[in-house]
Amino acid sequence: MKRLTLVLFILLQWAASLYSHDLPDYEIKGAGVTGAQGTYVVNVTVTAGKKTTDQILKQCAVHGVLFKGFSNIATRQSQKPLAGSAAAEASHPEFFDSFFSEGGASLNYADEVPNSRKTMKVDKKKKVSATIVVNKEQLLKDLQAAGVVKGLNSIF
Amino acid sequence: MKYRFVFILTLCLALMPELFGQAKKPTLIVVPSDPWCTENGYMTLHKDQGADNYVAEYEQAVKTNSDLMNVIIKVQELMSERGFPVKDLGQSIKSIKQGAARDMMTVSRTSGSSLAETPREKLLQTAKADIIIEVYWKVNSTGPKNSVTYSIVGKDPYTEKQVGGAQGTGDPSFSSEVPVLVEEAVIEKMDNFLSQLQAHFDDMAENGREVVVEVKLFDNGSGLTFEEEYNGEELTDIIDDWMAKNTVKGRYNLSDAGETRLKFEQVRIPLYRPNGSAMDTRQFVNQLRKFLQGQPYSLTSKIYTNGLGSAELVIGEK
């Protein structure tokens, strides 16, 4: 009986790990240009030992726009996190695990600017950066509709 | 019969949140800031008993300045996109004028009586909102380069507090036209402004709406002052205790207490009444009016409302 419980526990942990997002270390900053209305143009740099796919760069861009915010001293850009703060992610872990999982919905809100990808080798890791356009207005509307981010109208 | 009753009850319960579940929504209006009006020639100096009184000419500004119109329209558009439409300044001014003309022409058929209006009601017929959004911008030129300094500030006219703001100067540009730079500045600063406005609304949801309540006395010769004692307690302390019991988490500040007037600031009133319907300052003060009407005080009083966030209770008579 004990062995069965242990096996079930391990299986559950494995199943949960399939759906939880595990984004690599990344930096986000404003790309210094204003995109079309309703979008942000950001520069994302991912540092990882393994291969960084376009999907990971897009996920990091959406994650950064939502929970980190971004700035660029050279171009005097500064934007606060769209979801308010990182606390919004912690309060809905199941939703965001699925949202940022492989092939998750977060990819619908980001596009990589063609020919913007750059790779640099630092020690044994690779720094991969790209310019990403995030459709922040639609992203915010959908998250508000899902009830995971508050809107101006939430209490009225 | 039984099933019909159950059906109606279920329907009523389902509609309850729609009927009562929402707090009163503040109205917003976008206006040019005073410095913008001064720099662009839309500020008029009036002499009021020797004192200088500057008045912003909003009507002239919205009718003649296309740059202002573009900025106001862009801010209104961005607010509407977030599901929070705002009042249009030009339309508000027009409505007030049309309303005043309509009131002047309204007479009864029987006696030819015109509409009743107190001097105070006349005074309050101005374009007003619960949150005023002020915009300012200035074009900076250095050689062939242009940049735009832009600021947007939300103010609560009742508490005189800033509820949101964003300010900054954009990247200088050789090629972009000035209207494009202004538009970019409006779009770029809007999200930071809205994030502060969101924080203000979150605070309101948690700690109640912040309002101002004033209690005054009619000079009707009764000799009543706030130092009048009831069961050994002064009227000031009785009203102060009522505030402590009826505000959210007992939050308020009796900032001015004299013989004939009390001013309560930072008063946090609940967003909902005990029956679940939305609460505003008038209804909150009406509860105080009913309390003072009861025994042992038996005081008659009148409520003046100055908007969603400010009300006065004048004790003495109606």
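Refer to the preceding data block for the structure.
Residues numbered from 1 in each chain as written. Chains lettered and ligands numbered in written order. Predicted model: local features only at pLDDT ≥ 70, side-chain atom pairs only at ≥ 80, totals over all residues. Heavy atoms only, no water.

## Here we look at the overall build of chain A
Then, in step 1: A count of helical and extended segments in chain A gives five helices and seven strands.
Then, in step 2: Taken from the N to the C terminus, the helices and strands of chain A come in the order α-β-β-α-β-β-α-α-β-β-β-α.
Then, in step 3: If you take every contact in chain A between residues at least 6 apart in sequence, the share linking residues at least 24 apart comes to 62%.
Then, in step 4: Approximately 9100 Å² of chain A is accessible, and the part contributed by carbon and sulfur atoms is 55%. (Helix = DSSP H or I, 4+ residues; strand = E, 2+ residues; numbered from the N terminus. Contact = heavy atoms within 4.5 Å. Areas by Shrake-Rupley, 256 points an atom, 1.4 Å probe, with all protein chains shown as cover.)

## Examining the packing of aromatic side chains
Then, in step 1: With the rule as written, the count across this model stands at 18 aromatic pairs over all chains.
Then, in step 2: Ring geometry for Tyr40(A) versus Phe70(A): centroids 5.0 Å apart, planes at 80 degrees, classification edge-to-face. One end of the pair, Tyr40(A), is in strand β2 (residues 40–48); the other, Phe70(A), is in strand β3 (residues 70–72), and 30 residues separate them in sequence. Of the two residues, Tyr40(A) and Phe70(A), neither departs from the other in class, the shared state being buried.
Then, in step 3: On the basis of an interplanar angle of 85 degrees and a centroid distance of 5.0 Å, the ring pair of Phe156(A) and Phe201(B) is categorised as edge-to-face. In this pair, Phe156(A) is assigned in the segment after α5 (136–145) and Phe201(B) in helix α7 (residues 178–207), connecting two distinct chains. Across this residue pair, the class does not change: Phe156(A) and Phe201(B) are buried.
Then, in step 4: Following the ring pairs from residue to residue traces out a cluster consisting of Phe67(A), Phe95(A), Phe96(A), Phe99(A), Phe100(A) and Tyr109(A).
Then, in step 5: One residue, Lys68(A), lies across the ring of Tyr26(A), its end atom 4.0 Å from the ring centre. (Phe/Tyr/Trp six-rings, centres within 6.5 Å; stacked < 30°, edge-to-face > 60°. Buried < 20%, exposed > 50% of the residue type's maximum accessible area, 1.4 Å probe, protein only. Lys NZ or Arg CZ within 6 Å of the ring centre and 35° of its normal.)

## Focus: the interface of chain B and chain A
Then, in step 1: Every contact between the two is made by 34 residues of chain B and, on the other side, 21 residues of chain A.
Then, in step 2: Interface area, chain B with chain A, both sides summed: about 2400 Å², of which 47% is carbon and sulfur.
Then, in step 3: Counting across the chain B and chain A interface gives three salt bridges.
Then, in step 4: Put simply, Lys150(A) and Asp202(B) hold a salt bridge, and the shortest N to O gap is 3.8 Å.
Then, in step 5: Those elements that place two or more of their residues in the side of chain B that touches chain A are α4 (66–81) and α7 of chain B.
Then, in step 6: The dominant element in the side of chain B that touches chain A, judged by the number of residues it contributes, is α7(B), at 15 residues.
Then, in step 7: Partitioned by chemical class, the residues of the side of chain B that touches chain A number 14 nonpolar, eight polar and 12 charged. (Buried area = accessible area lost by both parts, 1.4 Å probe. Salt bridge = Lys/Arg side-chain N within 4 Å of Asp/Glu carboxyl O. Nonpolar A, V, L, I, M, F, W, Y, C, P; charged D, E, K, R; others polar.)

## Some remarks on helix α2 (residues 54–67) of chain A
Residues and elements named next belong to chain A.
Then, in step 1: Spanning 14 residues, α2 covers 20 Å between terminal C-alpha atoms, matching the ideal 20 Å at 1.5 Å per step.
Then, in step 2: Most of α2 is tucked away, with 11 of its 14 residues classed as buried.
Then, in step 3: Taken residue by residue, α2 has Ile56, Leu57, Gln59, Cys60, Ala61, Val62, His63, Gly64, Val65, Leu66 and Phe67 as its buried positions.
Then, in step 4: Following α2 by one or two positions, glycine 69 adopts a phi angle in the positive range, close to 75 degrees. (Expected span 1.5 Å × (residues − 1).)

## A short note on the packing of helix α8 (residues 235–246) of chain B against helix α9 (residues 281–293) of chain B
All names here are of chain B.
Then, in step 1: Relative to each other, α8 and α9 sit at 135 degrees, their axes nearing to 11 Å. The angle between the axes of α8 and α9 places the two elements in the oblique class. Crossing angle aside, the handedness with which α8 passes α9 is right-handed. Side by side, α8 and α9 meet where Leu235, Ile238, Ile239, Trp242, Met243 and Asn246 of the first sit next to Phe284, Gln287, Leu288, Phe291 and Leu292 of the second.
Then, in step 2: Split by residue class, the contact of α8 with α9 holds nine nonpolar, two polar and no charged. (Axes fitted to C-alpha atoms, helices over the stretch in contact; angles between N-to-C directions. Parallel < 35°, antiparallel > 145°, perpendicular 65-115°, else oblique. Left-handed = near helix turned anticlockwise from the far one by under 90°.)

## Brief notes about the pattern of salt bridges
Then, in step 1: Counted according to the given criterion, the structure contains 20 salt bridges over all chains.
Then, in step 2: Its salt-bridge partner being Lys24(B), residue Asp280(B) comes within 3.2 Å of it at the nearest N-O pair. Remark: Lys24(B) occurs in the loop between α1 (2–20) and β1 (28–32) and Asp280(B) occurs in the loop between β11 (261–269) and α9; sequence separation between them is 256 residues.
Then, in step 3: With a closest N to O distance of 3.4 Å, Glu77(B) and Lys74(B) form a salt bridge. Within this pair, Glu77(B) and its partner Lys74(B) are both found in helix α4, separated by three residues, close to a single helical turn.
Then, in step 4: Exposure remark for Glu77(B): the relative accessible area of 32% places this residue in the partly exposed category.
Then, in step 5: Connected via shared salt-bridge partners are Lys136(A), Glu137(A), Arg82(B) and Asp191(B).

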